[in-house]
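Listed here are the chains, written in short residue letters.
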Amino acid sequence: MIYASFKSIGAYIPTEVRSNQWFIDRMDTNDEWITKRTGIKERRIASSEEETSDLGAKAAKIAMNRAGISSADIDLIICATISPDYMCMPSTACLIAEKLDRRDVMALDISAACTGFIYALSVAKAFIESGMKKNVLIIGAEKLSNIVDYTDRTTCMLFGDGAGAAIISATQNKDEAIVDIQCSADGSQKDLLLTPSVQSSEASFMQMKGNETFKIAVRTLTSDVQKIMEKNSYKNEDIDLFIPHQANYRIIKAVGDALKFEDKQKVLTVEKYGNTSSASIPMAINECFEDGRLVKGKTMLLDAFGGGLTWGSAIIKFNG
Ligand code: ACO
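Predicted model only: the values in this text are computed from it and were never measured. (Residues numbered from 1 in each chain as written. Predicted model: local features only at pLDDT ≥ 70, side-chain atom pairs only at ≥ 80, totals over all residues. Heavy atoms only, no water.)

Colleague: Sorry, what's going on with the pattern of salt bridges here?
Modeller: Think of it this way: side chains of opposite charge can pair up when their charged atoms draw near. Across all of its chains, the model carries 18 salt bridges by this definition. A salt bridge links Arg-103 to Asp-101; the shortest N-O distance between them is 4.0 Å. Under the relative-accessibility criterion, Arg-103 is labelled exposed at 68%. Linking Lys-266 and Asp-257 is a salt bridge whose minimum nitrogen-to-oxygen distance equals 3.5 Å. Lys-266 sits in the buried class, given a relative accessible area of 13%. (Salt bridge = Lys/Arg side-chain N within 4 Å of Asp/Glu carboxyl O. Buried < 20%, exposed > 50% of the residue type's maximum accessible area, 1.4 Å probe, protein only.)

Colleague: Would you mind going over unusual backbone geometry with me for this structure?
Modeller: Peptide bonds are mostly trans, and most non-glycine residues show a negative phi. A cis amide bond, omega -5°, links Met-89 with the succeeding residue Pro-90. In this fold, Pro-90 is placed in the loop between strand E4 (76-80) and helix H4 (92-99). Each neighbour pair has its own omega, and for Gly-308 with Leu-309 the value is -10°, a cis peptide bond. Considering the arrangement of structural elements, one finds Leu-309 in the loop between strand E12 (299-306) and strand E13 (310-317). With a phi close to 50°, Ala-113 is a non-glycine residue in the positive phi region. With respect to the helices and strands, the residue Ala-113 is situated in the loop between strand E5 (106-110) and helix H5 (116-129). For Lys-260, which is not glycine, the phi torsion reads 60° and is therefore positive. (Helix = DSSP H or I, 4+ residues; strand = E, 2+ residues; numbered from the N terminus.)

Colleague: I tried to follow the site of the ligand on my own but got confused; where do I start?
Modeller: Neighbouring the ligand are 27 residues; Thr-29, Arg-37, Cys-114, Asn-211 and Asn-248 lie closest to it. At 2.9 Å from a nitrogen atom of the ligand is found a main-chain nitrogen or oxygen belonging to Arg-153. Protein chains shield 77% of the accessible area of the ligand, which is 1100 Å² for the free molecule. Secondary-structure elements contributing two or more residues to the shell around the ligand are helix H2 (31-38), helix H6 (210-231), helix H7 (249-258) and E12. In terms of residue count, H6 provides more of the shell around the ligand than any other element does, 4 residues in total. Residues that form the shell around the ligand fall into these classes: 12 nonpolar, 11 polar and 4 charged. Counting only domains with at least three residues in the shell around the ligand, you end up with domain 1 (3-175) and domain 2 (180-317). (Near = heavy atom within 4 Å. Polar contact = N/O pair within 3.5 Å; in protein donor to acceptor, adjacent residues only side chain to side chain. Areas by Shrake-Rupley, 256 points an atom, 1.4 Å probe, with all protein chains shown as cover. Nonpolar A, V, L, I, M, F, W, Y, C, P; charged D, E, K, R; others polar. Domains from an automatic or database assignment.)

Just distances and angles here, no functional claims.
Dropping the structure here:
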């Protein structure tokens, strides 16, 4: 029997820090509103020379290095993004393949908004368990500053740029395997979060009905975790790190409280990076790896919700 294991993590955090003051200087808002309503203090912004594929390739190189493999060992590249370098083609995964010096590898993008990394993980797991691929590079990369409307004070201060990547590899040891992943979508609620046009115009900016989305996010994230935990007979004490999508501190707090996770289990990065959509979960995993909270054998619970609507969760044993 072949299983999929989570071998390594990497992230690339752009250097430019954009604090709440940047928004206060340009629009009718204030630090108290942003901090109280979102928990965000800063976000990172990619430079004009960096596109989404550059962020993704940099994160990928770190993940490959930590897994002890080279790009020649990768047989599938999946990039989750809603801010691709090009609107329809080529895919960002193709551009990342080129930046990793691969000219003959299967590469594809996934569009599932903030749930993109969990969707990518699910596809990687299926390819590995079917025996079709051995080492899959999955990436969540976003240059959301390209699609944020900086005249809309209700959304623009929420989002930032960044990338995270992971290597998912085949193993025959069940103890090293990803435990379970579940992914869902409901297109009937498409109007809550969308980029209306693919043309280069202001209609290509992201629009969000924040308050409605907030309530559905809390409900859905909570029930999705309850479902995956019950299905796998997991209890809270079996989880070392609860790593939800980082959209808003109040959402994470409400979900964490409803699920009764302790503070030491909850991972929070939204204060520093804002919402980086598909990159937020791998960037948070990377932070736990770099500060020593995530070591081989630890169990992570991932939980995400985003435009589509899409949502998903995963229980993962780290095998790095
Ligand atoms: N500064 C000051 N006041 C503001 C600002 C601002 N930047 N923006 C809005 N306000 C005002 C509004 O005009 C409103 O004023 P009113 O009461 O006089 O009408 C008031 O603040 C409250 O506005 P709400 O929209 O009700 O605020 P809310 O508490 O819902 O917070 C927020 C807004 C932060 C956007 C929140 O709704 C949210 O985080 N939503 C969910 C985001 C999410 O989870 N998205 C999914 C993932 S993202 C993806 O998939 C790409």
